[in-house]
Amino acid sequence: MSPLVALVVGLILGGVVVATVIIRSRTEPGPSADVSGLTLPEAALARRLVDLIDPAIVFVGTDDTVLLANPAARALGIVRGDRLIVPDLLALAREVRAAGSRRGDIQLPGDLVGTGPRLVGVHGVRLDSGTVQRPGPVALLLQDVTEARRVEAVRRDFVANVGHELKTPVGALALLAEAIEGAADDPEAVQRFAGRIAHEADRLGRLVRELIDLSRLQGGEPLPDLLPVEVDRVLAEAVDRTRTAARAKRLDIVVGGQPGLRVRGVENQLATAVTNLLANAVAYSSGESRIAVAARARSGFAEITVTDSGIGIPRADRQRVFERFYRVDQSRASSTGGTGLGLAIVKHVASNHGGSVTVWSEEGLGSTFTLRIPLAGPADHPMAAPAVVPTPQALENERS
């Protein structure tokens, strides 16, 4: 549980006396409890505090009825009328009533709040004092920890993936160094092994560079100011970076589409994103074929498409190709030289610019990746705005 929840627990326990008096006055017959020293404004203040606190708070009576639930709890959809409708929460409340304070994570069904399944951290405390013979009401404090747990899982996966990916080139370099040492009297073998070392060193360097780029894009550094960027310049830079690799595989890169578009962004990041899309197309294309890159304006966005006629992507893998280190065909990883980070970088560049990236693909027919980036406004690029021909009525109104 976070320090915030610990602070909230302290505040709640500080007002337990008031809350207990209020609750018992509703649940126990007989004369009112002695509330000397507790004025009505203090009770109202305690209730106001419970209502304003962000974590959801529910007071559960000895008969499992809900005595009090703040707005945050009702927004989660866990309370209906005077009943807890989540069995796991009810079971936790009974555990707390029987044995004292408890903590745990509980999964809430997605249909409760309409935003998908949520994971909440729950701290349950019993409100009675040690002098009460029978169990008293229970307070449940709930905090949404879905995003925190997701980030933790992503961090664990990222560290595990990075460790796995680094082992391959590092292990290869160690083996090749041993091979060179053992073949010191064979110049041809030494030259061959040295070439392999250069290849693995290049792969390792590319992996480190892309890890740094991805770290920056994910929030390690603030995003620079978004400035008007010529899409034509971005495409030209990306094609220039990829042309050598394309020619080595006898592939032609053809540029087309609508010229003169401008977007608001960071030019080097956009060039990196398009370069990664082109490099991906080159890696998974073969034979004498063409790769087409084009741009057009549509619905306030510049759509940059990269189309190849390569091997295509199986349907089951299309939504996962933008994940870090994910490769459709692991057996091709060493032959293509990919790190599995290129498309993840594209996704984060698009997200940081307020855009998106999507893919269409069919096995054996090729793939089309579409990068959508918001266009710069007319104030940034007046020539990009469509020409407006004034009507005779408009001219007349202007004269008047």
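Further up the page is the structure itself.
Residues numbered from 1 in each chain as written. Predicted model: local features only at pLDDT ≥ 70, side-chain atom pairs only at ≥ 80, totals over all residues. Heavy atoms only, no water.

### Thoughts on the packing of helix α9 (residues 267-283) against helix α11 (residues 342-352)
Selection criterion: Only the stretch in contact is used when a helix axis is fitted, and all axes are lines through C-alpha atoms; the angle between N-to-C directions ranges over 0 to 180 degrees. Under the DSSP-based scheme used, a helix requires at least four consecutive residues in state H or I and a strand at least two consecutive residues in state E, with every element numbered from the N terminus. Rotating anticlockwise by less than a right angle from the far helix to the near helix defines a left-handed crossing, while the corresponding clockwise rotation defines a right-handed one. By definition in these notes, contact holds between two residues if any of their heavy atoms fall within 4.5 Å. Asp, Glu, Lys and Arg are counted as charged, while Ala, Val, Leu, Ile, Met, Phe, Trp, Tyr, Cys and Pro are counted as nonpolar; the rest, among them Gly, fall into the polar class.
Running from amino to carboxyl end, α9 crosses α11 at an angle of 145°, the nearest separation of the two axes being 9 Å. Between α9 and α11 the crossing geometry is left-handed. For the pair α9 and α11, the contacting residues are Gln269, Leu270, Thr272, Ala273, Asn276, Leu277 and Asn280 in the first and Gly342, Leu343, Ile345, Val346 and Val349 in the second. Its residues assigned to classes, the contact of α9 with α11 shows seven nonpolar, five polar and no charged.

### What about unusual backbone geometry?
Trans peptide bonds make up most of the peptide bonds, and negative phi angles are found at most residues other than glycine. Applicable threshold: Partly exposed residues are those whose accessible area sits between 20% and 50% of the maximum for their type, while under 20% is buried and over 50% is exposed, using a 1.4 Å probe and protein chains only.
Phi is positive for Asp64, which is not a glycine, with a value near 70°. Take Asp64: it is sitting in the loop between β1 (56-60) and β2 (66-69). With relative accessibility at 11%, the residue Asp64 sits in the buried group.

### Points about the packing of helix α8 (residues 231-248) against α9
Where α8 contacts α9, the axes come no closer than 8 Å and their chain directions differ by 35°. Regarding α8 and α9, the two cross each other, and that crossing is right-handed. The residues of α9 that touch α8, namely those facing Arg233, Val234, Leu235, Glu237, Ala238, Val239, Arg241, Thr242, Ala245 and Ala246, are Glu267, Leu270, Ala271, Thr272, Val274, Thr275, Leu278, Ala279 and Val282. For the contact of α8 with α9, a count of residues per class yields twelve nonpolar, three polar and four charged.

### A short note on the packing of aromatic side chains
Going by this rule: Ring pairs are drawn from Phe, Tyr and Trp, using the six-membered ring of Trp, whenever the two centres fall within 6.5 Å, and their geometry is named by plane angle: stacked under 30 degrees, edge-to-face over 60, tilted for the rest. We call a charge positioned above a ring when the Lys NZ or Arg CZ atom is no farther than 6 Å from the ring centre and deviates by at most 35 degrees from the ring normal.
Applying the stated criterion to the full structure yields one aromatic pair. Seen from their ring centres, Phe322 and Phe369 are 6.1 Å apart, and the 85° between their planes marks the pair as edge-to-face. Placement of Phe322 in the loop between β12 (301-308) and α10 (333-336) and of Phe369 in strand β14 (residues 366-374) is noted, with a sequence separation of 47 residues between them. Taken as a pair, Phe322 and Phe369 share a single burial class, namely buried. A cation sits over an aromatic face here: Arg192 above Phe193, 5.2 Å from the ring centre. One Lys or Arg, Arg372, reaches over the ring of Phe301 and ends 4.1 Å from the middle of that ring.

### Some remarks on the pairing of β2
Heads up, the rule is: Any two strands are treated as partners once DSSP identifies two or more bridges connecting them.
Summarising the sheet, β1 and β2 pair through three bridges and their orientation is antiparallel. Note that in β2 the partner of Val60 across the bridge is Val66. Two successive antiparallel strands, β1 and β2, enclose a turn made up of five residues, where Asp64 displays a positive phi of approximately 70°.

### Re α9
Spelled out, the test is: What a helix is expected to span follows from its residue count: subtract one and scale by 1.5 Å.
Taking 1.5 Å of rise per residue, 17 residues should cover 24 Å, and α9 covers 24 Å from first to last C-alpha, within 8% of that figure. Most of α9 is tucked away: twelve of the 17 residues are buried. All of the buried residues along α9 are Gln269, Leu270, Ala271, Ala273, Val274, Thr275, Asn276, Leu277, Leu278, Ala281, Val282 and Ala283.

### With respect to the sheet that holds strand β7 (residues 138-144)
Ordered in space as β2-β1-β7-β6-β5, the five strands form an open sheet in which the pairing is antiparallel. Among the strands making up the open sheet, the edge pair consists of β2 and β5 (102-108). With strand direction ignored, the average angle separating the axes of adjacent strands in the sheet is 25°.

### Brief notes about the sheet that holds strand β13 (residues 356-362)
Reading across the sheet, the five strands line up as β9-β11-β12-β14-β13 and stay open at both edges, with mixed pairing between neighbours. Both outer strands of the open sheet, β9 (252-257) and β13, are each paired with one neighbouring strand and no more. Within the sheet, the average angular offset between the axes of one strand and its neighbour, ignoring direction, is 15°. Pairing geometry for β12 and β14, over eight bridges, is antiparallel. Along β14, the bridge assignment pairs Asp308 with Ser367. Packing against the sheet, α9 makes contact with β9, β11 (290-298), β12 and β14, and its axis sits at approximately 175° to β14.

### Side note on helix α5 (residues 87-99)
Just so we agree on the cut-off: Arc, as used here, means the arc of the directions from the helix axis to the C-beta atoms.
The end-to-end C-alpha distance of α5 is 18 Å, a good match for the 18 Å that 13 residues give at a rise of 1.5 Å each. Here α5 has its buried residues at Leu89, Leu90, Leu92, Ala93, Val96 and Arg97. On an axial view of α5, the arc spanned by its buried residues comes to 160°, and they lie on one face. Seen from the open side of α5, the exposed residues pointing more than 90 degrees away from its buried face are Pro87 and Ala98. In this fold, the buried residues of α5 make contact with β1, β4 (83-84), β5, β6 (118-126) and β7. A positive backbone phi angle near 105° is found at Gly100, which sits one or two residues after α5.

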